[in-house]
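Chain residues, written in single-letter form:
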Amino acid sequence: MSLRKNIAEMAGYIPGFQPENEDAWIKLNTNENPYPPSPDVAKAILAEVGTDGANLRKYPDSGSREARTIAAKLYGVDPSWVIMANGSDELLNNLIRAFVAEGEELAFVHPSYSYYATLAAIQGVRVVRFGLDDDYRLADFPQRYTGKLFFLTSPNAPLGFRFTNDYIRQIAGRCDGVLVVDEAYADFADANAMDLVAQCENLIVTRTLSKSYSLAGMRLGLAIARPEVVAALDKIRDHYHLDRLALVAAAAALSDQAWLSENLRKIRKTREWFSTEIRRIGYRVIPSQANFIFATPPDLDAERIYNALFERQILVRYFTDPLLKHGLRISIGTREEMEQTLAALAEIG
Ligand SMILES: Cc1ncc(COP(=O)(O)O)c(C=O)c1O
């Protein structure tokens, strides 16, 4: 048995901890949404299953036509500019497969989503990391970046700031390859880069339904890109990548924009309240455009705080990365969950 060398040598991705007895925890470690999805989602899934599950005999619509059409209308593009996916992770993976050959190079911002490196390792692709300066701009981005693909996470995870559209446009103009703007958290932000897809020839936007639409458990994402990119991604993906339940869930969730708006309003309000209150007890907080904040305790000992919260069955995200180990990424839960978390932090001191 002989594995490919890069697979044998790589470390697998370690997803955020999912406790077995989920209800016993305040779970603020994987940026899930604390509120349920639109009630239309459960209705659509139940209708699809029916009383006897007969629909499940049949393969799903390989082209996700209904969901694509709804997403296209929502974002003001032709359906040929939309692809649905089994989580936006599937898109990140397939974008690498489409644009970067083994031995070629891609880049991403450091710190950002660590899964990019895992996906690059699977493909046998070289990786370059661009750091950030004090103004949250790329510290050492060259006048021309010649790698095949650049992942720009905006809003940034885990720091929570977003790049302005002017800056993103500039970066796109300096990339020889494609610029993938990973907008997993953009619904929580004041602005987004969606309009840039039509303006910049090499720009692609990815989104997820995991966070703002409360559907992490359904595994749904989408990308807006030029039709030739969508066609390439359609060639690469598994032909039945989305099951029948995911497809009806996507259509129902994307159609209920009133539910989304109300959800976003609550999360943003709690985010602003929690940011203010945690600052009052001495934490530094980066102003967040996402459904989490990155908060640094006064003594910079984030591991101690993580452990003390863990003992109280409150889960947040701690990173061992030297650039991040002074802080914690705390997802925004319900107001009650955040009040309890704040009380625990004040008690831990
Ligand atoms: C920056 C970023 N991109 C993509 C994803 C993946 O999202 P999905 O659940 O759609 O695969 C995440 C998930 O945490 C993320 O933080």
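Just so we're clear, the structure is a prediction, and the values are computed from it rather than from any experiment.

Basis of the calculations
Residues numbered from 1 in each chain as written. Predicted model: local features only at pLDDT ≥ 70, side-chain atom pairs only at ≥ 80, totals over all residues. Heavy atoms only, no water. Pairing = 2+ DSSP bridges. Helix = DSSP H or I, 4+ residues; strand = E, 2+ residues; numbered from the N terminus. Axes fitted to C-alpha atoms, helices over the stretch in contact; angles between N-to-C directions. Buried < 20%, exposed > 50% of the residue type's maximum accessible area, 1.4 Å probe, protein only. Core = buried A, V, L, I, M, F, W, Y, C linked by side-chain atoms within 4.5 Å. Domains from an automatic or database assignment. Expected span 1.5 Å × (residues − 1). Contact = heavy atoms within 4.5 Å. Phe/Tyr/Trp six-rings, centres within 6.5 Å; stacked < 30°, edge-to-face > 60°. Lys NZ or Arg CZ within 6 Å of the ring centre and 35° of its normal.

Undergrad: Got a minute to help me understand the sheet that holds strand β8 (residues 221–224) in this structure?
TA: Hydrogen bonds between backbone groups are what pair the strands of a sheet, and the pairing can be parallel or antiparallel. If you walk across this open sheet you meet the 7 strands as β2-β8-β7-β6-β5-β3-β4, and the pairing is mixed. Each edge of the open sheet is held by one strand with a lone partner, namely β2 (82–85) and β4 (126–130). Going from strand to strand, the sheet's axes swing by 20° on average, the running direction of each strand aside. Pairing analysis gives 5 bridges linking strand β3 (residues 105–109) to β4, with the strands arranged parallel. When the sheet's bridge partners are listed, Ala107 is paired in β4 with Val128.

Undergrad: Got a minute to help me understand unusual backbone geometry in this structure?
TA: Leave glycine aside and you will find that most residues have negative phi; peptide bonds, for their part, are mostly trans. Backbone torsion omega between His110 and Pro111 reads 10°, so that peptide bond is classified as cis. Residue Pro158 is bonded to the preceding Ala157 through a cis peptide linkage, with omega at 15°. Here Pro158 is to be found in the loop between β5 (149–153) and α6 (165–173). Here the phi dihedral of Tyr136 falls at roughly 55°; this positive angle occurs in a residue that is not glycine. Tracing the backbone through its elements, the reader meets Tyr136 in the loop between β4 and β5. Judged by relative accessible area, Tyr136 falls into the partly exposed class, the value being 29%. Backbone geometry places Gln313, a non-glycine residue, at a positive phi of 60°. Turning to its location among the elements, Gln313 is positioned in the loop between α11 (302–311) and β11 (314–315).

Undergrad: In this structure, what is going on with the pairing of β8? I would like to understand it.
TA: Within a regular strand, side chains alternate between the sheet's two faces. Side chains of β8 alternate between two faces, with Gly221 and Ala223 and Leu222 and Ile224 buried alike. The pairing of β2 with β8 spans 4 bridges and is antiparallel. Paired with Val82 across the two strands is Ile224, which belongs to β8. Here strand β7 (residues 203–208) runs beside β8; their pairing, made up of 4 bridges, is antiparallel. Bridging from a neighbouring strand, Val205 pairs with Ile224 of β8.

Undergrad: Please explain the nonpolar core as it appears in this structure.
TA: Side chains of nonpolar character tend, in soluble globular proteins, to be buried together. Grouped together as the largest cluster of nonpolar side chains are 92 residues, with contacts concentrated most on Phe150, Leu179, Leu203, Phe274, Ile278 and Ile330. It is helix α9 (residues 244–255) that contributes the most residues to this core, 9 residues altogether. Shared between two domains, this core holds at least three residues of each, these being domain 1 (5–30 + 258–348) and domain 2 (40–255). Grouped together as the second largest cluster of nonpolar side chains are 24 residues, Ile83, Leu92, Ile96 and Val229 included.

Undergrad: What am I meant to see in helix α10 (residues 257–280) here?
TA: Think of an α-helix as turning once every 3.6 residues; residues three or four places apart then point the same way. Taking 1.5 Å per residue as the helical rise, α10 with its 24 residues ought to reach 34 Å, and the 35 Å between its terminal C-alpha atoms agrees with that figure. Inspection of α10 places Leu260, Asn263, Leu264, Ile267, Thr270, Arg271, Trp273, Phe274, Ser275, Glu277 and Ile278 among the buried residues, and these make up the whole buried set. In this fold, the buried residues of α10 make contact with β9 (284–285), β10 (292–296), β13 (328–331) and α12 (335–348). Of the residues trailing α10, Gly282 is marked for its positive phi of about 100°.

Undergrad: How should the side chain of Ser214 be read in this particular structure?
TA: Topologically, Ser214 is positioned in the loop between β7 and β8. Judged by its relative accessible area of 14%, Ser214 falls in the buried class. Excluding residues within four positions of it along the chain, Ser214 makes contact with Asn33, Tyr35, Pro36, Pro37, Leu209 and Asn263.

Undergrad: Explain the packing of aromatic side chains to me, please; I cannot follow it from the model alone.
TA: One pair of aromatic rings is described through two measures. These are the centre distance and the angle between the planes. Scanning the model with the defined rule gives 23 aromatic pairs in all. For the pair Tyr116 and Phe151, a centre-to-centre distance of 4.3 Å together with 10° between the ring planes defines the contact as stacked. One end of the pair, Tyr116, is in helix α5 (residues 115–123); the other, Phe151, is in strand β5, with 35 residues separating them in the sequence. Judged by relative accessible area, Tyr116 falls into the buried class, the value being 0%. The buried category is assigned to Phe151, whose relative accessible area is 0%. In textbook terms, an aromatic cluster arises when at least three aromatic residues are bridged by ring pairs, as seen for Tyr13, Phe108, Tyr113, Tyr115, Tyr116 and Phe151. Taking the ring centre of Phe292 as reference, the NZ or CZ of Arg329 above it sits at 5.8 Å. If you follow Arg335 out to its NZ or CZ, it ends over the ring of Trp273, 3.9 Å from the centre.

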